[in-house]
Amino acid sequence: MYRFLLTPRWWGINLFAVLAIPLCVFMGTWQLGRFEDRVQSHEQAAKQPAPGARAAEPLDDLLPVDTVTSGRPATATGRYADQFLVPGRELDDKSGFYVLNMLRTDDGKALPVVRGWLPGRPGHTPVPAAPTGEVTVTGDLQASENTGTDGVDTAGGLPDGQLGMISAASLVNLVPYDVYDAWVTLQDTDSNGDAEDGALRPVPAVAPQGSGLDLKAFQNLGYTGEWFVFAAFVLFMWFRLVRREAEAARDVRLGLVPDTDTGADTDTDAGTRTA
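What counts as what
Residues numbered from 1 in each chain as written. Predicted model: local features only at pLDDT ≥ 70, side-chain atom pairs only at ≥ 80, totals over all residues. Heavy atoms only, no water. Helix = DSSP H or I, 4+ residues; strand = E, 2+ residues; numbered from the N terminus. Buried < 20%, exposed > 50% of the residue type's maximum accessible area, 1.4 Å probe, protein only. Areas by Shrake-Rupley, 256 points an atom, 1.4 Å probe, with all protein chains shown as cover. Core = buried A, V, L, I, M, F, W, Y, C linked by side-chain atoms within 4.5 Å. Contact = heavy atoms within 4.5 Å. Pairing = 2+ DSSP bridges. Salt bridge = Lys/Arg side-chain N within 4 Å of Asp/Glu carboxyl O. Phe/Tyr/Trp six-rings, centres within 6.5 Å; stacked < 30°, edge-to-face > 60°. Lys NZ or Arg CZ within 6 Å of the ring centre and 35° of its normal. Patch = residues over 30% accessible without salt bridge, like charges linked within 9 Å, V, L, I, M, F, W, Y side chains within 5 Å. Polar contact = N/O pair within 3.5 Å; in protein donor to acceptor, adjacent residues only side chain to side chain.

This paragraph deals with the overall build of the chain. In terms of regular secondary structure, the chain is built from five helices and six strands. A burial count over the chain gives 32% of its 275 residues as buried. For the chain, the accessible surface area stands at approximately 16700 Å², while carbon and sulfur atoms represent 56% of it.

What follows is the structure, encoded as structure tokens:
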């Protein structure tokens, strides 16, 4: 009854099932592993002290920025140079912009420093001047932004002196010196007033992407279920096709339907007379 499984057509169906089912199981297991890795990193981060509560360390000792060093206090010494305003940034559900200055270090490389946040729009709100002379700053270390970062403006066409994304890739085209692939946000803005009075407000550091139970983590869990469902669907369809073919072969053997393999299906008139 099951000799049809050895026909060329069924060899193709069997090969597809043999390849598809392990592939779906492998992809589901891989997605599950990604979810478990995110859960583990979240648990490890919860056991460690808050990054901002640790002692400040020299900038070069914390680079490159990763899930461990992100948010750690970093110190750097230099002189403030070019200033940029980063529009479209919110703080406490209020719209405003970041004030970013490039800190030229002794080796000539510059560190983007977000001195603080101001409400309103760039060009319509007075910006406090940056300190002059040599300064030593301590700020929470952050990785360069990308197109998936909240608040990033990728449309372009910003006026001179404004910046849509805080990243070395964006800044190297605007300044004539090398830029660190990182930035810091100052928590001590040297101002005691409220932002509405023209004083800078500190910008809190954000957790690095992929370091916690965010939406992507649960997407990995959802993809895990989808791949396992695909594997079960392929197996179900294979059994269903086998059962239907076996029933058709049984009907032919009992004479309930004509044997289409004899060539009767190629002769329309003969098929009509048989019906």
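Before going further, it helps to spend a moment on the nonpolar core. In summary, soluble globular proteins display a tendency toward joint burial of nonpolar side chains. One finds Phe84, Tyr98, Leu100, Met102, Val114 and Ile166 to be the most contacted residues of the largest nonpolar core, which totals 18 residues. Of all the secondary-structure elements, those providing two or more residues to this core are strand E2 (73-91), strand E3 (94-105), strand E4 (110-119) and helix H3 (168-171). Excluding anything up to four places from it in sequence, Ile166 contacts Val86, Tyr98, Leu100, Pro112, Val114, Ser144, Glu145 and Trp183.

The next point concerns the pairing of strand E5 (residues 134-142). With seven bridges joining them, E2 and E5 adopt antiparallel strand pairing. The partner of Thr77 across the bridge, within E5, is Thr136. Examined bridge by bridge, E5 and strand E6 (residues 183-186) share four bridges and lie antiparallel to one another. By the bridge assignment for E6, Leu141 is matched with Val184.

Tallied over the full model, the rule gives four salt bridges. A salt bridge links Glu245 to Arg9; the nearest nitrogen and oxygen atoms lie 3.0 Å apart. Of this pair, Glu245 sits in helix H4 (residues 215-253) while Arg9 sits in helix H1 (residues 8-47), placing them 236 residues apart in sequence. Classification of Arg9 as exposed rests on a relative accessible area of 51%.

A separate point is the packing of aromatic side chains. If you walk through the whole model with that rule in mind, you get three aromatic pairs. Geometrically, the ring pair formed by Trp227 and Phe230 is edge-to-face, given 5.8 Å between the ring centres and 90° between the ring planes. Of this pair, Trp227 and Phe230 both sit in helix H4, separated by three residues, roughly a single helical turn. We note Lys109 situated over the ring of Tyr180; from NZ or CZ to the ring centre the distance is 4.8 Å.

With that settled, the discussion passes to a nonpolar patch on the surface. Taken together, the side chains of Leu15, Val18 and Leu19 present a nonpolar region at the surface, about 310 Å² in accessible area. For Leu19, the location among the structural elements is in helix H1.

It is worth spelling out the side chain of Asn101 at this point. Mapping Asn101 onto the fold places it in strand E3. We classify Asn101 as buried; its relative accessible area is 2%. Side-chain polar atoms of Asn101 contact the side chain of Arg115, separated by 3.0 Å. When near neighbours in sequence (up to four residues on either side) are disregarded, Asn101 contacts Tyr80, Ala81, Asp82, Gln83, Leu111, Pro112, Val113, Arg115 and Ala130.

Considering the arrangement of structural elements, one finds Phe228 in helix H4. Here Phe228 falls in the partly exposed class, since its relative accessible area comes to 36%. Considered as a pair, Phe228 and Thr29 are 199 residues apart in the sequence and their alpha carbons are 8.6 Å apart. Those residues in contact with Phe228, other than ones at most four positions away along the chain, are Val25, Gly28 and Thr29.

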